[in-house]
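# Report on the structure
So you can see what is in the structure, the chains are spelled out below.
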Amino acid sequence: MPELPEVETIRKTLWPAVTGRTILQAEASANEVMSVEDCEQLIGKTVTDIRRRGKYLLFLLQEGNRPSLWLLVHLRMTGRLLIHRFEDPLPKHTHVRLVLQSVDLQRTLLIFQDTRRFGRMWLRRVSDSSQLPTDMDKLGPEPVDPPLAKETLKKQLKKHPALTLKAALLNQSVIAGIGNIYADEILYAAGLPPQQRAGTLGDNQISQLATAIPQVLQQAIAECGTTLRNYVDGWSREGRFQNCLNVYGRAGLPCRHCGQTLLKTRLAGRTTTWCPSCQPRHSEARQTDS
Ligand SMILES: [Zn+2]
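Residues numbered from 1 in each chain as written. Predicted model: local features only at pLDDT ≥ 70, side-chain atom pairs only at ≥ 80, totals over all residues.

## Here's the deal with the pairing of strand S7 (residues 107-114)
In terms of strand pairing, strand S5 (residues 79-84) meets S7 through 6 bridges, oriented antiparallel. Counterpart to Gly79 in the pairing with S7 is Asp114. Where strand S6 (residues 94-101) folds back onto S7 in an antiparallel hairpin, the turn is made up of 5 residues, including Leu105, whose phi is positive at roughly 65°. (Pairing = 2+ DSSP bridges. Helix = DSSP H or I, 4+ residues; strand = E, 2+ residues; numbered from the N terminus.)

Printed below as a string of structure tokens:
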């Protein structure tokens, strides 16, 4: 599932190819991915910006000189937004097809492809382009750009003291954009066990976590995301962060730092991998005993 670094990479790769261009044709073939009525409304609109909030992409569309619509995209499990060559046959499971034209009449084909068909595209009216649509209201703070502040993290964790750290990081209302891969990598980088309860973190541990969150995500953005199965950027290029993973998908293998065998458990319904030596659980006992 694309997480913040993958969605941000897609945003960055699509931006120069799509903004400033007007949608000439728009076709949706799977109504559950995008309604035909929404799709028809895209025609004649110009893309002026692409933003990201958590794992959502938001295309700002203008009609005449005024911002008029947000096109929201959530890729869910296997959704992809791809620039596609007109001369090449459309890949299987293409559900939305947009033809865009620049002022100098260059045409671009943007497609939404999704084998599992859980991804969604929908529209919201723009009242004020500095205000994101209300779909984003429940999301927690952004962890990068600017980097998440320690005080913000502390406040967010305080709202969910009983959650394990793994569950807290996965919860989009605590922090936006983190999924299973980066939750495991962040907790390893912070030296904190995924089972520890959010409310038991000491001040130093909050600092460690506040440092690890933007650090891991920024590094993953710099490596253009993680490609394990399906993810590619807007130009169909794979990411490189899979080569940098320390724990995710490595259960049973030795820790890159200490050599201890990495363990696997299930937390918040998700497979979780950690190093019992680099992420020791005694820190929790010490915190709660005192
Ligand atoms: Zn280790």
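The structure having been displayed, the exposition proceeds.
## Some points on helix H1 (residues 4-18)
When the terminal C-alpha atoms of H1 are compared, their 20 Å separation across 15 residues agrees well with the 21 Å that a helix rising 1.5 Å per residue should span. For H1, a buried count of 11 out of 15 residues is recorded, marking the element as mostly surrounded by other parts of the structure. Within H1 the residues assigned to the buried category are Leu4, Pro5, Glu6, Val7, Glu8, Thr9, Ile10, Arg11, Thr13, Leu14 and Val18. Downstream of H1 by a residue or two, Gly20 has a phi angle that is positive, lying close to 80°. (Expected span 1.5 Å × (residues − 1). Buried ≥ 20, exposed ≤ 12 C-beta atoms within 10 Å, placed from the backbone.)

## Focus: the environment of Leu110
Along the chain, Leu110 turns up in strand S7. Along the primary structure Leu110 and Asn180 are separated by 70 residues, whereas in three dimensions their C-alpha atoms are 28 Å apart. Ignoring sequence-local partners within four residues, the contact set of Leu110 consists of Val18, Leu81, Ile83, Leu98 and Leu100. (Contact = placed C-beta atoms within 7 Å.)

## Some points on the nonpolar core
Phe59, Leu71, Ile186 and Ile213 are the most contacted members of the largest nonpolar core, which totals 73 residues. Counting residues domain by domain, this core receives three or more from each of domain 1 (4-136) and domain 2 (150-289). Apart from the residues lying within four places of it in its own chain, the contact partners of Leu71 are Leu42, Phe59, Leu61, Met121 and Leu123. (Core = buried A, V, L, I, M, F, W, Y, C linked by C-beta atoms within 7 Å. Domains from an automatic or database assignment.)

## Regarding the domain arrangement of the chain
Taken domain by domain, the chain consists of domain 1 (4-136) and domain 2 (150-289). In this structure, domain 1 and domain 2 have C-alpha centres spaced 31 Å apart. Domain 1 puts 17 residues into the contact, and the matching count from domain 2 is 19 residues. For the side of domain 1 that touches domain 2, the elements supplying multiple residues, two or more each, are H1 and S5.

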